[in-house]
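Listed below are the residues making up each chain.
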Amino acid sequence: MVLTYLQVFITGGIICVLGQILINLTKLTPARILVMFLLIGVLLEAIGVYKYITKFGGAGASVPITGFGAALAKGAIDGTISDGLLGSVSGGLEAVAVGISAVIFFAFVSGILASSKTK
Amino acid sequence: MSQTKFFQNSVFIQETASIVGPKEADGPISGYFDRKLEDDLLGQKTYELAESKLHALTIRLLLNKAKLNEKDIDLCIGGDLTDEIYCSNFAMRDFDIPFLGMYSACATFGATLISAALYIYSGQMNKVVCSTTSHFSSAERQYRFPLEFGNQRTPLAQWTVTGCGASLLNNKEGHIKLESATIGKIVDFGVSDVNNMGAAMAPAAMKTILSHLEETSRDADYYDLIATGDLGDGGLQLLKEIAKDEGIRFDKTNCTDCGILIFNREAQKVGQGGSGAGCSSAVFNGYIYNKMIERQYRNVLLVPTGALISKTSSLQGQTIPGIAHAISFERI
Amino acid sequence: MNEPNKEYLKLIKEKMPKTKHFSTIVRAFIIGGLICCIGEALNDIYGLIFKTLSEDEIKSIVTITIILITAILTSFGIYDKIGNFGGAGSIIPITGFANAVVSPAIEHKKEGIILGLCSNMFKIAGPIIVVGITSSICVGIFVLFFKGAF
């Protein structure tokens, strides 16, 4: 139990540290960092490496945006294998549909209810 | 062609007014501002409208302090940072006074003072109001990220001042004289980091100060105070460094920056210091003007500085041109 | 006129304060690790509550919960403080993505529901959706051509 959480903490922590190093050294904006890590996740899943990271790190690998990328790639691969070309096109988005729908819905509701506050 | 214009004995500051936001009210020079806002939204729906209201309130306060009517004023000159100087244009809806909008980024206050001084010197006008404003929240959403976005501020970043300052210039002899002014040229040394505006503006400040000192045949120590607009701490260090190479010695004079004066940098976590079109105008019209009235300073050189970025130019990978105008004040 | 002044750019690098690498990295590690642990904990808790659901379904509910929590923290102006402290630690987890969608939605409500809130919702995070979907389709097509290998 404790060990599992330690693995989660370390995996998630290290992915974020890599991002922080990039921000510190290159002055990349958050949007670019997110896109880069997403692409890394897609690539690692496509070459079959990310599932080992997930196996070790659990939520530490699936919660970061790399996990989102991996889920997209996994969806596309699974979709292709079961449905062919149609699956290649729809598989990725299907796999992350829950996350994207939830983000859009909650963002809309928050936008309606909340208003921005000065710092 | 000389960049420096002399106004003889024809342009004076009759009155000033300044209003700042809650964070600025916690700063070290808080006591010098006329009014401090408790609510930086001023009961408005948007921060842009709040900034307009702030601008209008400051001009109204100035007219009240000077005991003048709108009819007595020949012209208002003003500007801000938001879109097409949204906040100044909308502020002036409340006034029956001719208006010229001006944009020179955070150096706008300098540009308005110089224009007003030249109009008065030419004899065409008697009383001109100069005012500029900025608001943290409207600037932040325009140039950076939404307010609720969880982004880490770099140590180079500056904090846009929520504040407005207004000066009433006239041709009747008063306590403080606009003695001369140097209109800045645009200078671009190739800085492209939008978080490092102090570094982008320091060369412009150096060139303007250099021209001013050369054309007036003065040394830097002629001035009791040289105050740049919003270079911040790092930018001011850079200015001193590159000025040394040009032979300007700042060590005998008090050379500081309005963005450093307005906040406790460390305690208030504002990075390099304050910035914005309202920074130099609030600090001048509040702090520096009153210090001159108290005779703490006799000769002051105010050098508002501006980083001329636009949302489009920075996305297109362009470097940041800087500008600085210098205005020399004398306590009579 | 527009030649960059190399000496000056070098001077900037020497004189301007540097980012504090050690403290920002440690903070990113702690915040990033913590957010992931919250995800893992939710996973465990939901596993105990919803015994009939599959692992994937539980993961989906965890994602929804994390995004909901982020939306609430963003609405109350708390997430930007976490972000200023944690840096990449709060940007790279899915919470950072959610924050990047929710914050412009809140900010741009003032320009109207349709042209403000809805149009600007993906102002920051839009590239993630575009790049994510495009790259996933590329991966899919790649797999289609080399199906035999899988």
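Along every chain, residues carry numbers that run from 1 in the direction the sequence is written. Note on labels: chains are lettered from A, ligands numbered from 1, in written order. Local features in this predicted model are restricted to residues of pLDDT 70 or higher, and side-chain atom pairs are both shown and tallied only at a pLDDT of 80 or more, whereas totals for entire chains, interfaces and linings draw on every residue. As a convention, hydrogens and water are excluded, and side-chain values are obtained from all of the structure's heavy atoms.

### Considering the interface of chain A and chain B
Part 1: Note on definitions: a residue-residue contact is assigned when non-hydrogen atoms from the two residues lie within 4.5 Å. Taken together, the contacts link seven residues of chain A with 13 residues of chain B.
Part 2: Summing both partners gives a buried area of about 890 Å² for chain A against chain B, and 51% of it is carried by carbon and sulfur.
Part 3: In the analysis that follows, any N or O atom pair within 3.5 Å is treated as a polar contact, provided that within protein one partner can donate a hydrogen and the other can accept it, and provided that, for residues neighboring in sequence, both atoms belong to side chains. Joining chain A to chain B, the criterion identifies six residue pairs in polar contact (both at pLDDT 80 or more).
Part 4: Looking at the side of chain A that touches chain B residue by residue, the class counts come to one nonpolar, three polar and three charged. By definition, the buried area sums, over both parts, the 1.4 Å-probe accessible area that each loses when the two are put together. Under the convention adopted here, Pro, Cys and the residues Ala, Val, Leu, Ile, Met, Phe, Trp and Tyr are nonpolar, Asp, Glu, Lys and Arg are charged, and Gly plus all remaining residues are polar.

### Brief notes about the pattern of salt bridges
Part 1: What counts as a salt bridge is simple: a side-chain nitrogen of Lys or Arg found within 4 Å of a carboxyl oxygen of Asp or Glu. Enumeration according to the criterion identifies 15 salt bridges over all chains in this entry.
Part 2: Here Glu-107 of chain C and Arg-141 of chain B are joined by a salt bridge, their closest N and O atoms 2.9 Å apart. Taken together, the positions of Glu-107 of chain C in helix H6 (residues 94-107) and Arg-141 of chain B in helix H5 (residues 136-143) put the pair across two chains. Each member of the pair, Glu-107 of chain C as well as Arg-141 of chain B, carries the same accessibility label: buried.
Part 3: One salt-bridge network, in which partners are shared between bridges, spans Glu-48 and Arg-141 of chain B together with Glu-107 and Glu-111 of chain C. Comment: elements are numbered from the N terminus, with helices defined as DSSP H or I runs of at least four residues and strands as E runs of at least two. Remark: exposure states derive from per-residue accessible area (1.4 Å probe, protein chains only) relative to the maximum for the residue type, with buried under 20%, exposed over 50%, and partly exposed in between.

### Some details on the domain arrangement of chain B
All names here are of chain B.
Part 1: According to the domain assignment, chain B contains domain 1 (12-170) and domain 2 (176-331).
Part 2: An automatic or database domain assignment supplies the residue ranges for each domain. Inter-centroid distance (C-alpha atoms) of domain 1 to domain 2 is 18 Å.
Part 3: Across the boundary between the two partners, domain 1 contributes 50 residues, which contact 55 residues of domain 2.
Part 4: Taking both partners together, domain 1 and domain 2 bury about 4,100 Å²; carbon and sulfur atoms supply 63% of that area.

### Digging into unusual backbone geometry
Residues and elements named next belong to chain B.
Part 1: You will see that Asp-83, though not glycine, has its phi angle at about 40 degrees, which is positive.
Part 2: Mapped onto the elements of the fold, Asp-83 is located in the loop between strand E4 (75-79) and helix H3 (86-91).
Part 3: The phi angle at Arg-295 is positive, at roughly 65 degrees, despite the residue not being glycine.
Part 4: Of note, Arg-295 is situated in the loop between helix H10 (277-293) and strand E13 (299-303).

### Let's talk about a nonpolar patch on the surface
Part 1: Patch membership requires more than 30% relative accessible area and the absence of a salt bridge. Residues of like charge join within 9 Å; the nonpolar side chains Val, Leu, Ile, Met, Phe, Trp and Tyr join within 5 Å. Only the protein chains shown count as cover for residues, and all accessible areas are computed by the Shrake-Rupley method using a 1.4 Å probe. A cluster of nonpolar side chains, Phe-105, Phe-108, Val-109, Ile-112 and Leu-113 of chain A together with Ile-113, Ile-114 and Leu-115 of chain C, forms an exposed patch at the surface whose accessible area comes to about 790 Å².
Part 2: Of all the secondary-structure elements, those providing two or more residues to the nonpolar patch are helix H7 (97-113) of chain A together with helix H7 (113-120) of chain C.
Part 3: Considering every element that reaches the nonpolar patch, the biggest residue donor is H7 of chain A, with five residues.
Part 4: One can find Val-109 of chain A in helix H7.
Part 5: For Val-109 of chain A, a relative accessible area of 31% translates into the label partly exposed.

### Points about the packing of aromatic side chains
Part 1: Pairing of aromatic rings covers Phe, Tyr and Trp, the last through its six-membered ring, and needs centres within 6.5 Å; plane angles under 30 degrees mean stacked, over 60 mean edge-to-face, and all others mean tilted. Taken as a whole, this structure holds 14 aromatic pairs over all chains when the rule is applied.
Part 2: Each ring, one from Tyr-222 of chain B and one from Tyr-223 of chain B, has its centre 4.9 Å from the other, and the planes form 85 degrees; the classification is edge-to-face.
Part 3: On the basis of relative accessibility, which here comes to 30%, the residue Tyr-222 of chain B falls in the partly exposed class.
Part 4: Where Tyr-46 of chain C meets Phe-50 of chain C, the ring centres are 5.7 Å apart and the plane angle is 45 degrees; that geometry is what we call tilted.

### Some remarks on the pairing of strand E16 (residues 326-331) of chain B
Residues and elements named next belong to chain B.
Part 1: Burial within E16 is extensive, with six of its six residues counted as buried.
Part 2: Side chains Ala-326, Ser-328 and Glu-330 project from E16 onto one buried face, and the interleaved Ile-327, Phe-329 and Arg-331 project onto a second face that is buried too.
Part 3: Only when DSSP finds a minimum of two bridges between them are two strands counted as paired. Here four bridges tie E13 to E16, and the two strands are oriented antiparallel to one another. Within the sheet, the bridge partner assigned to Val-300 lies in E16 and is Phe-329.

### Quick word on the packing of helix H2 (residues 21-49) of chain C against helix H4 (residues 79-86) of chain C
Angle between the axes and distance between the axes are the two parameters that describe a pair of packed helices.
Residue and element names in this part refer to chain C.
Part 1: One can describe the packing of H2 onto H4 by two numbers: an axis separation of 8 Å at closest approach and a directional angle of 135 degrees. In terms of axis orientation, H2 runs oblique to H4. Contacts between H2 and H4 involve Arg-27, Ala-28, Ile-31 and Ile-35 on the former and, on the latter, Tyr-79, Ile-82, Asn-84, Phe-85 and Gly-86.
Part 2: Partitioned by chemical class, the residues of the contact of H2 with H4 number six nonpolar, two polar and one charged. Fitting a line to C-alpha atoms yields each axis, with helices limited to the stretch in contact; the angle taken between N-to-C directions then spans 0 to 180 degrees. In what follows, roughly perpendicular refers to angles from 65 to 115 degrees, roughly parallel to angles under 35, roughly antiparallel to angles over 145, and oblique to any angle outside these ranges.

### Examining H6 of chain C
Part 1: The span one expects for a helix is its residue count, reduced by one, times 1.5 Å. Given a rise of 1.5 Å per residue, 14 residues ought to cover 20 Å, and the 20 Å separating the end C-alpha atoms of H6 of chain C matches this to within 8%.
Part 2: Most of H6 of chain C sits out of view: 14 of its 14 residues are buried.

### What to know about the interface of chain A and chain C
Part 1: If you look at the interface, chain A gives 64 residues, while chain C gives 66 residues.
Part 2: Linking chain A to chain C there are zero salt bridges.
Part 3: Viewed at the interface, chain C and chain A are joined by 14 residue pairs in polar contact (both at pLDDT 80 or more).
Part 4: Counting only elements with at least two residues in the side of chain A that touches chain C, the list comes to helix H1 (2-26), helix H2 (30-46), helix H4 (59-62), helix H5 (65-83), helix H6 (85-95) and H7 of chain A.
Part 5: Here the element with the most residues in the side of chain A that touches chain C is H1 of chain A; it accounts for 17 residues.
Part 6: Taken together, the residues that form the side of chain A that touches chain C break down as 45 nonpolar, 17 polar and two charged.

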